[in-house]
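Understanding the architecture of this molecule
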Amino acid sequence: RYEPTWGSLDARPLPAWFDEAKFGVFIHWGVFSVPSFGSEWFWWYWQKEKREPYVKFMDTNYPPGFSYEDFGPLFTAEFFDANQWADILKASGAKYVVLTSKHHEGFTLWGSKYSWNWNAVDVGPKRDLVAELATSVRNRTDLHFGLYHSLFEWFNPLFLEDATNAFKTRKFPTSKSLPELYEIVTKYQPEIIWSDGDGNAPDTYWNSTGFLAWLYNDSPVRDTVVTNDRWGVGSVCAHGGFYTCSDRYNPGYLLPHKWENCMTIDRSSWGYRRDARLRDFLAIEDLVKQLAETVSCGGNLLMNIGPTHDGRIAVVFEERLRQVGAWLKVNGEAIYGTKPWRAQNDTVTPGVWYTFSPKEGIVNAIFLNWPVSGVLELGEPRAKLGETQVKLAGYKELLKWVALGEKGMVIALPQLTPQQLPCQWGWALQLTDVN
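None of the values given here were measured: they were computed from a predicted structure.

The next point concerns the sheet that holds strand β14 (residues 427-432). The antiparallel open sheet is built from 4 strands, whose spatial order is β8-β9-β14-β11. The open sheet has two edge strands with one neighbour each: β8 (352-357) and β11 (389-392). Within the sheet, the average angular offset between the axes of one strand and its neighbour, ignoring direction, is 25°. Pairing between β8 and strand β9 (residues 362-367): 6 bridges, direction antiparallel.

Take a look at the structure:
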């Protein structure tokens, strides 16, 4: 059994499924999807920081005295079809999904009995959105279902009172945040608890170690659940399950601890923005690059989309997810279930990232640019004449190669028209018998 101490909890082995999965989809959805302007931090920027674009947006478009709470009934989700979402998630090639059950605004996407009149069953959709998505994901896909949960709430009076008392009092976590966590685990049995938003309070205020000890020892998901590292000031990148370290974290080198790169397709926001331009969205080439770099360095990629207030996954997000899925259909063996190799990226040719498939003993070289010369030089693999074989994922015939001295090889790529290429945005070479 795990003790409620970081020493004991950090020693828990991470369930193997998480490292093997490599790729997940993050979904930021909530009342902030109604103004859908600027950022999911809309309430904070408008009311607390009084940022000029947000104040102006409200003054121009809403009557005087309109409050953030008034957005609640406008969060309608009339087009939300959980089956459709599940089908898009499946098509993306993701192996897990993480939904914001509650963001810093405190609005819960399930009918929480600890969030009276500020939840999706009492206000707005009048539906349990968490239950609907959980059911569809489990019925229609093999994805692991996970939930994001914000520890703190910007404007909750109980939290503000505790903060005023320098967190010597603990009214908010005992009556709101912790009961919600126990509630979502018991009710929905998520296999990921993605915690966030410590409100500058220590883990002792949140009783994070007490909750995690229960999660790992006695909860219905004790054997399969994974958690991140956002459990209070000082725990990020130091404690918990996998490390997130910071948003959009992509170190570019191998880390000794399992980590995740959570990032957004919309460069500027996690929530949906009606004011986004096409140039604000990462192209599929950018996403494949992020995936290759992240997995090569031992991380998982958690790629975020922001649905609309009425429950649609905007077409641009759907297209990106389906494109990643199409790429993974061809190159998935270089991603899923792989381990980091002794080298992460190539020393001679930039834009080449390595992974290792332990079962098959294959070194995968993912290259992001197809060389004009038709030959690819790799500085890292040590090839053996008569033994080493080189394949291009999605192409039948073996490729010709020559060794370069002690280390390195030159590979002749097949001469293909753009239509004949196995995919359009990054390719994987499978090298057998290179030491």
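Per the counting criterion, the structure on display carries 23 salt bridges. Between Arg230 and Asp247 there is a salt bridge; the shortest N-O distance is 2.9 Å. Highlighted residues: Arg230 in the loop between β5 (226-227) and β6 (259-264) and Asp247 in the loop between β5 and β6, separated in sequence by 17 residues. Residue classification places Arg230 among the buried residues on the basis of a relative accessible area of 11%. Among the salt bridges present, the one from Glu387 reaches Lys384, with a minimum N-O distance of 3.8 Å. Counted as one network, the salt bridges with shared partners bring together Asp19, Lys22, Lys258 and Lys339.

The next thing to look at is the domain arrangement of the chain. In terms of domain boundaries, the chain breaks down into domain 1 (6-334) and domain 2 (339-432). Just the C-alpha atoms count here: the centres of domain 1 and domain 2 sit 36 Å apart. Between domain 1 and domain 2, the residue contacts involve 19 residues of the former and 19 residues of the latter. Counting each side, the surface lost to burial between domain 1 and domain 2 is near 1,700 Å², with a carbon and sulfur contribution of 67%. For the domain 1 face of the interface with domain 2, the top three residues by lost area are Ser296, Trp327 and Ala334, together amounting to 30%. If you look at where domain 1 meets domain 2, you find 1 salt bridge.

The next subject is the pairing of β8. Where a strand is regular, its side chains alternate between the two sheet faces. A large share of β8 lies buried, amounting to 5 of its 6 residues. In sequence, β8 turns back onto β9 through a hairpin of 4 residues, with Gly361 there showing a positive phi of about 70°.

Quick look at the sheet that holds strand β12 (residues 400-403) now. One open sheet holds the 3 strands; their spatial order is β10-β13-β12, and the pairing between them is antiparallel. Among the strands making up the open sheet, the edge pair consists of β10 (375-378) and β12. Mean inter-strand twist for the sheet, computed between neighbouring axes without regard to direction, equals 20°. In terms of strand pairing, β10 meets strand β13 (residues 409-412) through 4 bridges, oriented antiparallel. By the bridge assignment for β13, Val375 is matched with Ala412.

Moving on: the state of the cysteines. With the rule as written, the count across this model stands at 1 disulfide. With a sulfur-sulfur separation of 2.0 Å, Cys237 is cross-linked through a disulfide to Cys245. The S-S bond linking Cys237 to Cys245 shows a torsion near 65°; that makes this disulfide right-handed. The exposure class of Cys237 is partly exposed, given its relative accessible area of 35%. A relative accessible area of 15% means that Cys245 is categorised as buried.

Let us now look at helix α8 (residues 171-188). With 18 residues, α8 should reach 26 Å at 1.5 Å per residue; the first-to-last C-alpha distance of 25 Å fits that figure. Along its length, α8 reaches its greatest deviation from straightness, about 30°, at Leu178, and the proline Pro179 lies no more than four positions downstream.

This brings us to the nonpolar core. Counting residues in each nonpolar core, the largest one holds 128 residues, and the members touching the most others are Leu378, Ile411 and Leu429. Residue-level mapping places this core at the junction of two domains, with at least three residues from each of domain 1 (6-334) and domain 2 (339-432). Look past the residues within four positions of Leu429 in its chain and what remains in contact with it is Val363, Asn364, Ala365, Phe367, Leu376, Leu378, Val390, Lys391, Leu392, Leu399, Ile411 and Leu413. Core analysis: the second largest hydrophobic core is formed by 14 residues, Phe26, Val98, Trp194 and Leu302 among them.

Here the focus is the environment of Trp427. Residue placement: Trp427 occurs in strand β14. A C-alpha to C-alpha distance of 5.6 Å links Trp427 and Ile366, two positions 61 residues apart in sequence. Excluding anything up to four places from it in sequence, Trp427 contacts Asn331, Ala365, Ile366, Phe367, Leu368, Asn369, Trp370, Leu392, Leu421 and Pro422. Polar side-chain contacts of Trp427 include one of 2.9 Å to the backbone oxygen of Cys423.

Okay, helix α7 (residues 157-164) next. Its side-chain oxygen placed 2.9 Å from the backbone nitrogen of Leu158, Asn156 serves as the N-cap of α7. Looking one or two residues past α7, Ala166 carries a phi angle of roughly 55°, positive in sign.

Quick look at the packing of aromatic side chains now. Under the definition given, this model contains 55 aromatic pairs. With a centroid separation of 5.9 Å and 40° between ring planes, the pair formed by Phe211 and Trp214 is classed as tilted. Pair noted here: Phe211 and Trp214 are both in helix α10 (residues 208-217), with a separation of 3 residues, about one helical turn. We note Lys95 situated over the ring of Tyr336; from NZ or CZ to the ring centre the distance is 4.6 Å.

With that settled, consider the packing of α8 against α10. Across the interface, α8 lies against α10 with an axial gap of 11 Å and an inter-helix angle of 15°. Taken as axis vectors, α8 and α10 run roughly parallel relative to one another. Handedness of the α8/α10 crossing: right-handed. Between α8 and α10, the residues in contact are Leu178, Leu181, Tyr182, Val185 and Thr186 and Gly210, Phe211, Trp214 and Leu215, respectively. Taken together, the residues of the contact of α8 with α10 sort by class into 7 nonpolar, 2 polar and no charged.

Rules behind the numbers
Residues numbered from 1 in each chain as written. Predicted model: local features only at pLDDT ≥ 70, side-chain atom pairs only at ≥ 80, totals over all residues. Heavy atoms only, no water. Pairing = 2+ DSSP bridges. Helix = DSSP H or I, 4+ residues; strand = E, 2+ residues; numbered from the N terminus. Axes fitted to C-alpha atoms, helices over the stretch in contact; angles between N-to-C directions. Salt bridge = Lys/Arg side-chain N within 4 Å of Asp/Glu carboxyl O. Buried < 20%, exposed > 50% of the residue type's maximum accessible area, 1.4 Å probe, protein only. Domains from an automatic or database assignment. Contact = heavy atoms within 4.5 Å. Buried area = accessible area lost by both parts, 1.4 Å probe. Disulfide = S-S within 2.5 Å. Expected span 1.5 Å × (residues − 1). Bend = angle between axes of the 7 residues up to and from the residue. Core = buried A, V, L, I, M, F, W, Y, C linked by side-chain atoms within 4.5 Å. Polar contact = N/O pair within 3.5 Å; in protein donor to acceptor, adjacent residues only side chain to side chain. Phe/Tyr/Trp six-rings, centres within 6.5 Å; stacked < 30°, edge-to-face > 60°. Lys NZ or Arg CZ within 6 Å of the ring centre and 35° of its normal. Parallel < 35°, antiparallel > 145°, perpendicular 65-115°, else oblique. Left-handed = near helix turned anticlockwise from the far one by under 90°. Nonpolar A, V, L, I, M, F, W, Y, C, P; charged D, E, K, R; others polar.

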